[in-house]
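Listed here are the chains, written in short residue letters.
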Amino acid sequence: MGHKRGKNAWPNLISSWVIESVEMNSMFKRLLALLSVIVVALIGFALTRATKHVSAATITVMNTNDSGAGSLRQAITDAGSGDTIDFGVTGIRSCA
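Quick look at the overall build of the protein chain
For step 1, the next point in the chain: Across its full length, the protein chain carries two helices and two strands.
For step 2, the next point in the chain: In sequence order, the secondary structure elements of the protein chain are arranged as α-β-α-β.
For step 3, the next point in the chain: Counting the 96 residues in the protein chain, one finds 8% classified as buried.
For step 4, the next point in the chain: Nonlocal contacts in the protein chain, meaning residues at least 24 apart in sequence, comprise 46% of its contacts between residues at least 6 apart.
For step 5, the next point in the chain: Put simply, the protein chain shows about 8,400 Å² of open surface, and 63% of that area lies on carbon and sulfur atoms.

Quick notes on the pairing of strand 1 (residues 58-61)
For step 1, the next point in the chain: Only one face of strand 1 is buried: it carries I59 and V61, and the other face, with T58 and T60, is open.
For step 2, the next point in the chain: As defined by bridge partners, strand 1 adjoins strand 2 (residues 84-87) across four bridges and the pair is classed as parallel. When the bridges of strand 2 are listed, I59 appears paired with I85.

Details of the pattern of salt bridges
For step 1, the next point in the chain: On inspection of all chains with the given rule, the structure shows one salt bridge.
For step 2, the next point in the chain: The salt bridge involving D66 is made with R73; its shortest N-O contact spans 3.1 Å.
For step 3, the next point in the chain: D66 gets classed as partly exposed once you look at its relative accessible area, which sits at 45%.

Observations concerning the confidence of the model for the protein chain
For step 1, the next point in the chain: In the predicted model, the protein chain carries a mean pLDDT of 80, and the fraction of residues at 70 or more is 67%.
For step 2, the next point in the chain: Mean pLDDT values over the elements of the protein chain span from 77, in helix 1 (residues 9-50), up to 95, in helix 2 (residues 72-78).

What about a nonpolar patch on the surface?
For step 1, the next point in the chain: A grouping of F28, L32, L35, V39, I43 and L47 is seen on the molecular surface, where their side chains present a nonpolar patch of about 570 Å² in accessible area.
For step 2, the next point in the chain: One can find L32 in helix 1.

A short note on the side chain of S71
For step 1, the next point in the chain: You can see S71 is positioned in the loop between strand 1 and helix 2.
For step 2, the next point in the chain: Setting aside residues up to four positions removed in sequence, S71 forms contacts with V61, N63, N65 and D66.

So, how was this worked out
- Residues numbered from 1 in each chain as written.
- Predicted model: local features only at pLDDT ≥ 70, side-chain atom pairs only at ≥ 80, totals over all residues.
- Heavy atoms only, no water.
- Helix = DSSP H or I, 4+ residues; strand = E, 2+ residues; numbered from the N terminus.
- Buried < 20%, exposed > 50% of the residue type's maximum accessible area, 1.4 Å probe, protein only.
- Contact = heavy atoms within 4.5 Å.
- Areas by Shrake-Rupley, 256 points an atom, 1.4 Å probe, with all protein chains shown as cover.
- Pairing = 2+ DSSP bridges.
- Salt bridge = Lys/Arg side-chain N within 4 Å of Asp/Glu carboxyl O.
- pLDDT = per-residue confidence, 0-100.
- Patch = residues over 30% accessible without salt bridge, like charges linked within 9 Å, V, L, I, M, F, W, Y side chains within 5 Å.

Written out as C-alpha cells, the structure is:
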C-alpha cells in the first residue's frame, strides 16, 4: 500500500483502513438499497402477474321455482363476491 515506515506507520495504516472501510460501507449500503428496490419490484411484478383478474358475473333469475336452474335459490348458491343477481321474472311467487 505504499505507507511510510517509521514511528507513524501504524497510525497511517490504521487510518487508511478506516477510510477504506467507511468508503466500502457506504458503497455496500448503496448496493444493498439498490438490491432491495430491485427485489421489491420483482416481487410486486410477480404478484400482479400471479393474481387472476376476475370480473363480476351477472346471474339472472328466470323463474319463480323454489329450486333448480333459473331460480333465486340457485342464483344465490352460484353467486360469488361482487356478482349481481338480476331478475328477469314475470309473475308472483307467494310464500306460504
